[in-house]
Amino acid sequence: MGVVLGTFSVHTKQVDYRRRDKIDDELEMTMVCHRPEGLEQLEAQTNFTKRELQILYRGFKNECPSGVVNEETFKHIYAQFFPHGDASTYAHYLFNAFDTTSNGSIKFEEFVMGLSTLLRGTLRDKLEWTFHLYDINNDGYINREEMTEIVRAIYDMMGKYTYPALKGDVPKQHVDAFFQKMDKNKNGVVTLEEFIVACQEDEMMMRSMQLFENVM
Amino acid sequence: MAAGVATWMPFARAAAVGWLPLAQQTMPKPPVDKTSRSDEILFVNVSGLRFQTWKNTLDRYPDTLLGSSEKEFFYNEETQEYFFDRDPEMFRHILNFFRTGKLHYPRHECIQAFEEELAFYGIIPEIIGDCCMEEYRDRKKENQERLAEDTEAENAGDAPLPPDATLRDKLWRAFENPHTSTMALVFYYVTGFFIAVSVIANVVETVPCRPLKGSIKDLPCGEKFSVAFSCLDTACVLIFSCEYLMRLYAAPSRCDFARSVMSVIDVVAILPFYIGLIMPENEEVSGAFVTLRVFRVFRIFKFSRHSQGLRILGCTLQACASELGFLLFSLTMAVIIFATVMFYAEKGTKGTTFSSIPASFWYTIVTMTTLGYGDMVPDSIAGKIFGSICSLSGVLVIALPVPVIVSNFARIYHQNQRADKMRAQQKVRQARIRMAKKGATNAFLQHKEDGGLQGGDSDSTAFCVKNRSAFEHQHHHLLQCLEKTTNHEFTDEVTYSEVCMMDSMGFRTSRSTSLSSQQGSTTTCCSRRAKRRAIRLANSTVSVSRGSVQELDTLHVTKTPVGTQYPQSRSSLNARTGDLKLNCTDYTAAIISIPTPPANSPDESLPNSPAIPGILRNSRSSIYNTQETVKISSL
């Protein structure tokens with residue numbers, strides 16, 4: 001996927017009315033108007049049909065008329081789905097996972113590429129995407145701290161009022177269970193290959209993966 | 001669920017893939033999306049004006065008329081469009097709300113018509129964007145006040161009394177609305193006349209009349225014609241007392257009446273006379289007695305019952321008390337400063353009138369208000385210098401700002417009122433929006449209780465589950481996935497605090513935990529399609545039956561696809577799927593070793609006595625016509 005991203009070039013039309021100042025950053029965000037490349041190109045690069053891309057874009061453009069989503073908006077949107085708890089940490093990691101160019105904003109292409117991987121991609125693609133989500137610092141390994149962060153973020157989304165009540169260090173137990181399953185050579189980190197192999201052995205997960213096929 | 005987040009639903013669901021490696025249970029099946037995914041253009045005909053929009057646009061707000069299936073009621077088969085017999089001009093704004101997510105209030109429209117349209121389309125007015133909110137609020141307030149005035153005027157006096165009105169009611173009405181009957185009018189004018197007579201008598205009795213024969217000194221009329229005046233005074237007081245007593249008798253709420261301003265004025269007006277009667281005639285107290293006579297002047301305030309203008313003035317003064325207070329305070333500051341300065345400046349002068357600082361207050365005030373009586377004049381040079389500074393600053397401090405204050409006063413007064421209004425309404429507004437949001441939060445919990453957890457059994461699903469939009473289905477599925485990932489469930493605050501309390505009381509909840517976590521497979525995954533009731537077990541029966549209530553296992557209400565299995569074992573309670581109404585008797589039969597029929601009150605929470613042998617989940621929701629479930633944990 002990295003190759004795919006690397007090969008396509010984005011035609012952006014940036015309207016710069018102000019100089020790039022820290023203070024004006026926010027203003028700039030509203031001034032910048034990003035137009036995605038053509039429909040045909042996107043259709044070729046993703047696994048969506050034209051119609052689906054149209055629907056996706058119309059929704060995207062309506063919510064973000066400037067053509068990009070910044071992290072605040074992203075967090076706000078994601079938080080609407082999880083009103084019980086605090087979704088901001090997880091949304092942050094999710095944002096980073098979608099923002100493949102790491103420039104602090106998600107353009108429509110990145111958005112659609114991410115969705116395409118998650119919904120229409122091969123199993124290996126999905127697992128790779130998930131691995132990159134967990135690998136916060138992008139060093140190719142998932143260590144305990146990263147995993148704990150992710151798990152804590154997920155538990156934060158549950159909020160305070162759960163049944164049974166969250167007692168003790170539940171995230172830590174969860175992380176331990178995860179590492180037990182994934183870390184084959186017990187070296188404290190999980191590499192991509194270990195991850196993929198371990199996931200493919202997990203039947204329950206494979207079944208669950210199939211459930212998200214027809215989301216669009 | 002608010003706003004255009006419906007657009008982002010596919011994204012949120014896709015992102016749920018990230019939870020899968022962590023999940024320790026299988027994910028629930030996603031809801032089947034029966035509608036075709038492709039977007040289509042809908043035609044909406046509002047009184048002849050045809051609008052077209054994407055279906056997705058309308059689906060953004062599933063809790064409105066246009067976003068839900070309610071619009072199907074307006075679908076016209078022949079013309080293949082949705083027809084609404086409403087105002088097409090207003091509909092433009094409604095549709096813009098769907099398009100942009102912001103509701104604007106058109107300034108040229110009548111506020112009531114607008115609200116009616118909003119109510120019809122199922123949109124709460126609190127959603128109005130900030131740009132138009134203030135205008136909307138002002139117009140609404142205006143409108144309400146006008147309506148209130150109208151209704152008040154209607155109700156106020158002209159409506160005839162109900163035929164069974166008592167004498168009290170009639171009397172009270174006569175007092176409050178003199179123009180309703182002739183008698184009342186007569187009474188009104190008579191009292192007014194006597195108030196005037198009394199005030200004039202008070203004034204005249206101090207005027208010097210020609211002296212009596214044989215004496216040179218002028219006498220005040222009061223002493224010359226003392227008998228006449230005292231008769232007059234007595235008559236007036238008698239009339240006022242009668243009036244007050246009658247009002248007191250007629251008042252619907254005597255305490256409130258006694259506390260009201262007008263009654264206080266009445267009392268103060270007649271009290272001096274009675275005190276004078278009681279007090280003995282001796283020299284020492286006659287001074288005090290004379291002082292009391294001053295209070296007779298308060299009778300003039302009784303005119304405020306007769307004059308609307310006075311009442312308004314009183315209200316205005318009351319309302320701008322803070323501004324006046326500030327003016328007074330700043331004046332006092334200036335007075336104290338200058339008085340002190342003048343006193344010390346004039347201290348050296350012989351025979352000076354500035355004997356003390358309080359004595360200098362008089363000089364400062366007279367000078368600052370540019371009155372300049374001249375009874376106190378500084379002699380020393382320093383005193384004259386400071387005196388001139390004082391008078392100059394007086395001009396500035398008082399004369400100049402007074403018009404500014406007066407005009408500012410009007411502005412600040414209105415502004416403050418508006419700011420307070422806005423603040424108060426902002427809170428209310430936010431509270432309402434929060435409540436609507438909380439509705440969404442609770443919707444998931446309610447959905448669980450309704451038994452949305454079962455798999456795709458379409459018969460029973462169609463039967464019991466409320467009609468939910470596709471969006472809600474997806475959202476609930478998403479939340480279920482999160483629950484499965486973390487092995488914990490969402491609950492509400494009440495249940496959570498109860499569980500905490502029970503834990504602290506040492507009940508074993510581990511069993512229930514383990515049982516509830518065994519919801520892996522979808523069949524036993526309990527179809528909690530029922531409202532959970534709090535079952536209150538009477539303490540007495542509990543203590544009696546304690547021996548028999550040894551072990552209550554967790555009772556699950558699970559769904560059976562076919563047939564009716566009556567409870568055979570303690571550990572599982574199977575209920576009929578087709579049974580919508582559960583009567584108590586079923587339950588008593590089912591729940592073994594609870595001798596008493598459960599006392600049901602869905603809203604009562606569990607009494608916190610340790611004698612209760614089980615934890616029961618409270619239900620929060622409103623009345624559903626669904627089955628009941630009991631989840632009792634073991635001791």
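The name that an unreviewed UniProt entry assigns to chain B is A-type voltage-gated potassium channel KCND1, with the source organism given as Oncorhynchus kisutch. The Subcellular location (unreviewed entry) comment attached to chain B in UniProt states, word for word, "Membrane". As its UniProt record puts it under Sequence similarities (unreviewed entry), chain B is described as follows: "Belongs to the potassium channel family. D (Shal) (TC 1.A.1.2) subfamily. Kv4.1/KCND1 sub-subfamily."

As named in an unreviewed UniProt entry, chain A is Kv channel-interacting protein 1 isoform X3, taken from Salmo salar. Per UniProt, chain A has the following entry under Subcellular location (unreviewed entry): "Cell membrane".

Explain the overall build of chain B to me, using residue names and the numbers behind them.
Scanning chain B from N- to C-terminus turns up 23 helices and 13 strands. In chain B, which comprises 635 residues, the share counted as buried stands at 39%. A separation of at least 24 residues holds for 67% of the contacts in chain B among residues at least 6 apart in sequence. Of the roughly 34,800 Å² of accessible surface on chain B, 62% is carried by carbon and sulfur atoms.

Help me get a handle on the pairing of strand β2 (residues 49-54) of chain B, residues and values and all.
All names here are of chain B. The pairing of strand β1 (residues 41-46) with β2 spans six bridges and is antiparallel. Bridge pairing links N45 to R50 in β2. In this structure, the hairpin formed by β1 and β2 is closed by a connection of two residues, where S47 is found at a positive phi of approximately 50 degrees.

So, the UniProt feature "transmembrane region" (unreviewed entry) in chain B: which residues are in play, and what are the values?
Under the feature "transmembrane region" (unreviewed entry), the UniProt entry names residues 183-204, 257-279, 324-345, 351-373 and 385-406 of chain B. In residues 324-345 of chain B, the share of helix is 100% and the share of strand is 0%. The end C-alpha atoms are 31 Å apart.

Before we move on, can you summarise the sheet that holds strand β4 (residues 81-84) of chain B with the specific residues and values?
Residue and element names in this part refer to chain B. Here four strands make up an open sheet; going across it, the order is β2-β1-β4-β3 and the pairing mixed. Taken across any chain shown, the strands that pair with only one partner, and hence form the sheet edges, are β2 and β3 (75-76). Its contacts with the sheet place helix α3 (residues 88-100) against β1 and β2, and it is angled at close to 5 degrees to β2.

Explain the environment of B:F386 residue by residue, including any values.
Residue and element names in this part refer to chain B. Looking at where F386 falls in the secondary structure, it is placed in helix α16 (residues 381-399). You can call F386 partly exposed: its relative accessible area is 34%. In this structure the C-alpha to C-alpha distance between F386 and A339, which are 47 residues apart in sequence, comes to 9.9 Å. Discounting chain neighbours no more than four positions away, the residues touching F386 are F338, V341, M342 and A345.

Before we move on, can you summarise the UniProt feature "domain: EF-hand" (unreviewed entry) in chain A with the specific residues and values?
All names here are of chain A. With numbering matched to this structure, UniProt assigns "domain: EF-hand" (unreviewed entry) to residues 86-121, 122-157 and 170-205. As a span, residues 86-121 carries 67% helix and 8% strand, and end to end its C-alpha atoms are 29 Å apart. Note that residues 170-205 is 72% helix and 8% strand, and that its end C-alpha atoms are spaced 21 Å apart.

Kindly report on the interface of chain A and chain B, identifying the contributing residues and their values.
Counting residues at the interface gives 60 residues for chain A, matched by 63 residues for chain B. When chain A packs against chain B, close to 5,600 Å² is buried across both sides, 71% of that on carbon and sulfur atoms. Contact with chain B buries area across many residues of chain A, yet A:F81, A:Y161 and A:Y163 alone supply 17% of it, more than any other trio. Here chain A is connected to chain B by zero salt bridges.

Go over helix α5 (residues 71-81) of chain A with me, naming the residues and quoting the values.
Among all positions in α5(A), only A:E71, A:F74, A:I77, A:Y78, A:Q80 and A:F81 are buried. For α5(A), the secondary structure elements touched by its buried residues are β1 (68-70), α6 (88-98), β2 (105-107) and α9 (144-158) of chain A together with α1 (9-15) and α19 (470-486) of chain B.

Before we move on, can you summarise the environment of B:R99 with the specific residues and values?
Of note, B:R99 is situated in helix α3. Taking the relative accessible area as the measure of exposure, B:R99 reaches 32% and is therefore partly exposed. C-alpha separation for the pair B:R99 and B:T57, spaced 42 residues apart in sequence, amounts to 6.1 Å. Discounting residues that sit within four places of it in the chain, B:R99 has contacts with A:N62, B:Q52, B:T57 and B:R60.

Which residues make up the pattern of salt bridges, and what values go with them?
All chains considered together, the criterion is met by 25 salt bridges over all chains. Where A:E71 meets A:K75, a salt bridge forms, and the shortest distance between an N and an O atom there is 3.8 Å. Here the residue A:E71 and the residue A:K75 both occupy positions in helix α5, the gap between them amounting to four residues, near one helical turn. With a closest N to O distance of 3.2 Å, B:D59 and B:K55 form a salt bridge. A residue pair is termed a helical-turn pair when its members lie 3 or 4 positions apart in one helix, as B:D59 and B:K55 do in helix α2 (residues 55-59) at four residues. On the basis of relative accessible area, B:K55 is assigned to the partly exposed category, the value being 23%. Several salt bridges share partner residues, and in doing so they unite B:E243, B:R247, B:D266 and B:K302 into one network.

Break down the state of the cysteines for me, with residues and values.
Counting across every chain of the model gives zero disulfides over all chains. B:C131 forms no disulfide, and the closest cysteine sulfur to it belongs to B:C132, at a distance of 4.0 Å.

Provide a residue-level description of the packing of aromatic side chains, including the pertinent values.
When we look at a pair of aromatic rings, we describe it by the centre distance and by the angle of the planes. Going through the model one piece at a time under the given rule, you end up with 48 aromatic pairs over all chains. Measuring from centroid to centroid gives 5.8 Å for A:F111 and B:F11, while their planes differ by 45 degrees, and the two rings are tilted. Remark: B:F11 occurs in helix α1 and A:F111 occurs in helix α7 (residues 108-120); the pair is interchain, linking two chains. Of the two residues, A:F111 and B:F11, both sit in the buried class.

Outline the environment of A:E63, supporting the account with residue identities and numerical values.
Considering the arrangement of structural elements, one finds A:E63 in helix α4 (residues 50-63). Separated by ten residues in sequence, A:E63 and A:T73 have C-alpha atoms that sit 9.5 Å apart.

So what's going on with the nonpolar core? Residues and values would help.
Residues A:Y78, A:F82, A:L94, A:F111, A:M147 and B:W19 are the most contacted members of the largest nonpolar core, which totals 77 residues. Taken domain by domain, this core gets at least three of its residues from each of domain 1 (37-120) and domain 2 (121-215) of chain A. Those residues in contact with B:W19 that lie beyond four places of it in its chain are A:Y78, A:F82, A:Y90, A:Y134, A:I154, A:M157, B:L478, B:C481, B:L482 and B:T485. Membership of the second largest hydrophobic core comes to 27 residues, among which are B:L95, B:F98, B:Y105 and B:Y121.

Please provide a residue-by-residue account of a nonpolar patch on the surface, values included.
The grouping of B:I381, B:I385, B:F386 and B:I389 at the surface amounts to a nonpolar patch, some 380 Å² of accessible area in total. Within the secondary structure, B:I385 is located in helix α16.

Break down the confidence of the model for chain A for me, with residues and values.
With 83% of its residues at a pLDDT of at least 70, chain A reaches an overall mean of 79. Counting interchain partners and residues more than four positions distant, the pLDDT-below-50 stretch residues 8-20 of chain A has 26 contacts.

Tell me what's going on with the side chain of A:E194, and back it up with residues and numbers.
Residues and elements named next belong to chain A. With respect to the element layout, E194 can be found in helix α11 (residues 192-201). It is K184 that comes nearest to the buried, bridge-free E194 among opposite-charge side chains, at 8.3 Å. Polar side-chain contacts of E194 include one of 3.3 Å to the side chain of N185. Other than its neighbours up to four places away in sequence, E194 contacts M182, D183, K184, N185, N187 and V189.

Go over the confidence of the model for chain B, please, and point to the residues and values.
Residues and elements named next belong to chain B. Per-residue confidence for chain B gives a mean pLDDT of 71, with 65% of residues at or over 70. Across residues 508-635, confidence stays below pLDDT 50; counting only partners more than four residues off in sequence or on other chains, it has 217 contacts. At the level of chain-chain contacts, confidence expressed as ipTM amounts to 0.75, with global pTM at 0.47.

Conventions adopted
Residues numbered from 1 in each chain as written. Chains lettered and ligands numbered in written order. Predicted model: local features only at pLDDT ≥ 70, side-chain atom pairs only at ≥ 80, totals over all residues. Heavy atoms only, no water. UniProt positions renumbered as here; feature names shortened; annotations may be inferred. Helix = DSSP H or I, 4+ residues; strand = E, 2+ residues; numbered from the N terminus. Buried < 20%, exposed > 50% of the residue type's maximum accessible area, 1.4 Å probe, protein only. Contact = heavy atoms within 4.5 Å. Areas by Shrake-Rupley, 256 points an atom, 1.4 Å probe, with all protein chains shown as cover. Pairing = 2+ DSSP bridges. Axes fitted to C-alpha atoms, helices over the stretch in contact; angles between N-to-C directions. Buried area = accessible area lost by both parts, 1.4 Å probe. Salt bridge = Lys/Arg side-chain N within 4 Å of Asp/Glu carboxyl O. Disulfide = S-S within 2.5 Å. Phe/Tyr/Trp six-rings, centres within 6.5 Å; stacked < 30°, edge-to-face > 60°. Core = buried A, V, L, I, M, F, W, Y, C linked by side-chain atoms within 4.5 Å. Domains from an automatic or database assignment. Patch = residues over 30% accessible without salt bridge, like charges linked within 9 Å, V, L, I, M, F, W, Y side chains within 5 Å. pLDDT = per-residue confidence, 0-100. Lys, Arg positive; Asp, Glu negative; His and termini not counted. Polar contact = N/O pair within 3.5 Å; in protein donor to acceptor, adjacent residues only side chain to side chain.

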